[in-house]
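Letter by letter, the chains look like this.
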Amino acid sequence: LACVLSRLLLPPRVPGAFIVPTAFAFSTVCLLLCSVSLGRAQAFVQRERQHSFRRSLVWALAFGTAFVGVQAFGLWCIIHNLQPDRNAGEAELGPTAGVLGAAALHCFHVIVALMVLSYVTLQGFSDRYDHEYSFGVSVCTWFWHILGILWVFILGAYAVVAWFLTVRPSTG
C-alpha cells in the first residue's frame, strides 16, 4: 500500500524546482473531513447521542492523524525536490522559504490540535461531555475549523509561489 501511495503521491523529481505535491490535495480532504466529523460530534453531543458523538470523535481523530501524516509526506516531497543535483550548486529557496516556514508552523499547530483532539476523545469516552457541558468539544471544533481556513490560505500561497516560479523564467 505504501508503495502504491508513494507512486501516486510522489511528484516528479525536477531538481531545484518548486512543485506543489499531490499529497496536499489528499491532506486538504483529510482536514475537511476532520472538521466535518468534529462538527457532527458537536451536534451529536448537544442532542445526547453519545454513541454517534464518540464515533464522530474517532473519525475526526483518524482524519486528523491522516492529515498530519500526508502533510508531512508532502513537505518532505517539496524539500526533497528543492535539493539540487549533485553536479549543481546549493539549493536556493527564494520565495519558497516563507511558504515552507508557514506550512511548518501550521504543521506544529495541527500537531497540538491533534493532541487536544486526542484528549477530547478520551474525555468523550469517559462520559465527560453531554448536552449541558460540551465546551471542550466546541473549542476543539473551532480550533480545527480555523486551522482548515489557514491551510486554504497557505495552499493558495503555495499555488502563487509555484505559478510565480514557473512563469518568471519564461518572462526574464
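Source: prediction; values computed, not measured.

A. How the structure looks around the pattern of salt bridges. By the definition in use, this model includes 1 salt bridge. A salt bridge links Arg54 to Asp127; its shortest N-O distance comes to 2.0 Å. You can see Arg54 sitting in helix α3 (residues 50-82) and its partner Asp127 sitting in the loop between α4 (96-125) and α5 (135-171), a full 73 residues away along the chain.

B. Quick look at the packing of aromatic side chains. For the coordinates displayed, the defined rule picks out 5 aromatic pairs. With centroids separated by 5.2 Å and ring planes inclined at 90°, the aromatic side chains of Phe24 and Trp151 adopt a geometry described as edge-to-face. Note that Phe24 is positioned in helix α2 (residues 23-46) and Trp151 in helix α5, a separation of 127 residues in sequence. The same class applies to Phe24 and to Trp151, which are both buried. Ring centres 5.5 Å apart and planes at 25° place the aromatic pair Trp59 and Phe63 in the stacked group. With Trp59 and Phe63 both in helix α3, this residue pair falls 4 residues apart, about one helical turn. Overall, Trp59 belongs to the partly exposed group, its relative accessible area being 47%. Clustering of aromatic rings is evident, with ring pairs tying together Phe24, Phe67 and Trp151.

C. Here's a closer look at the environment of Phe135. Secondary-structure assignment places Phe135 in helix α5. For Phe135, a relative accessible area of 58% corresponds to the exposed category. Considered as a pair, Phe135 and Gln42 are 93 residues apart in the sequence and their alpha carbons are 9.4 Å apart.

Conventions and cut-offs
- Residues numbered from 1 in each chain as written.
- Predicted model: local features only at pLDDT ≥ 70, side-chain atom pairs only at ≥ 80, totals over all residues.
- Heavy atoms only, no water.
- Salt bridge = Lys/Arg side-chain N within 4 Å of Asp/Glu carboxyl O.
- Helix = DSSP H or I, 4+ residues; strand = E, 2+ residues; numbered from the N terminus.
- Phe/Tyr/Trp six-rings, centres within 6.5 Å; stacked < 30°, edge-to-face > 60°.
- Buried < 20%, exposed > 50% of the residue type's maximum accessible area, 1.4 Å probe, protein only.

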